[in-house]
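Structural overview
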Amino acid sequence: MDKWLAGLIAAAVVLPLLMFIGNIKFEVPESEALEHATPAEKGSSAFPAAPELAGVSSWINSEPLEIDGLKGKVVLVDFWTYSCINCIRTLPYLKMWDEKYSGKGLVIIGVHSPEFDFEKELDNVQKAVAKYGVEYPVALDNEHETWRAFRNN
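Bear in mind that the values here come from a model prediction, so they are computed numbers and not experimental data.

As for the nonpolar core
Judged by nonpolar contacts, the single largest core of 15 residues is most densely connected at Trp-80, Val-129 and Val-138. At the level of secondary structure, the elements contributing two or more residues to this core comprise helix 4 (85-101), strand 3 (106-112), helix 5 (122-132) and strand 4 (138-140). In this structure, Val-129 is in contact with Ile-60, Asn-61, Trp-80, Val-134 and Val-138, ignoring residues within four places of it in sequence. Of all hydrophobic cores here, the second largest spans nine residues; its members include Leu-53, Ile-109, Val-111 and Ala-139.

Some thoughts on the pattern of salt bridges
On inspection of all chains with the given rule, the structure shows three salt bridges. Among the ionic pairs, Lys-71 bridges to Asp-68, the shortest N-O distance being 3.4 Å. For Lys-71, a relative accessible area of 59% translates into the label exposed. Asp-68 sits in the partly exposed class, given a relative accessible area of 47%. Between Asp-123 and Lys-127 there is a salt bridge, with its nearest N and O atoms 3.1 Å apart. Taken together, the positions of Asp-123 and Lys-127, both in helix 5 and four residues apart, correspond to about one turn of that helix. Judged by relative accessible area, which is 43%, Asp-123 ranks as partly exposed. Since its relative accessible area comes to 53%, Lys-127 is described here as exposed.

Parameters and conventions
Residues numbered from 1 in each chain as written. Predicted model: local features only at pLDDT ≥ 70, side-chain atom pairs only at ≥ 80, totals over all residues. Heavy atoms only, no water. Core = buried A, V, L, I, M, F, W, Y, C linked by side-chain atoms within 4.5 Å. Buried < 20%, exposed > 50% of the residue type's maximum accessible area, 1.4 Å probe, protein only. Helix = DSSP H or I, 4+ residues; strand = E, 2+ residues; numbered from the N terminus. Contact = heavy atoms within 4.5 Å. Salt bridge = Lys/Arg side-chain N within 4 Å of Asp/Glu carboxyl O.

Geometric values such as these leave the question of function open.
Listed below in structure tokens is the structure:
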């Protein structure tokens, strides 16, 4: 009886999970994907172009970059802030990818989107970038304009 009950409980947990996983779709609906695409992009891709980096008050480790100027490269945009522990934990991976793949076309752009007022200070962000050894470009998005352009929540 105990094995039957354990099997029933397992089936009650596993079957809905498998049904949920089976319904996940890894595609963007065409109407949404093409909403912001240019006419040329509408014919060539099912995914929208990334928005431009908007409202950047300062750049660290780089002259100002534009998404449009990075065509042909793989661009990873990392939204972070230097006092967020979850953000800090991703930095070793981002640094490793930058070292390993920047010569092969990967461009990482750290978009520093502060949560607190003290994180808006350029000097504080520069110290954090130095402390964590970040060498890729970092854009200061103090007013969250790029954050909103990418539709982050």
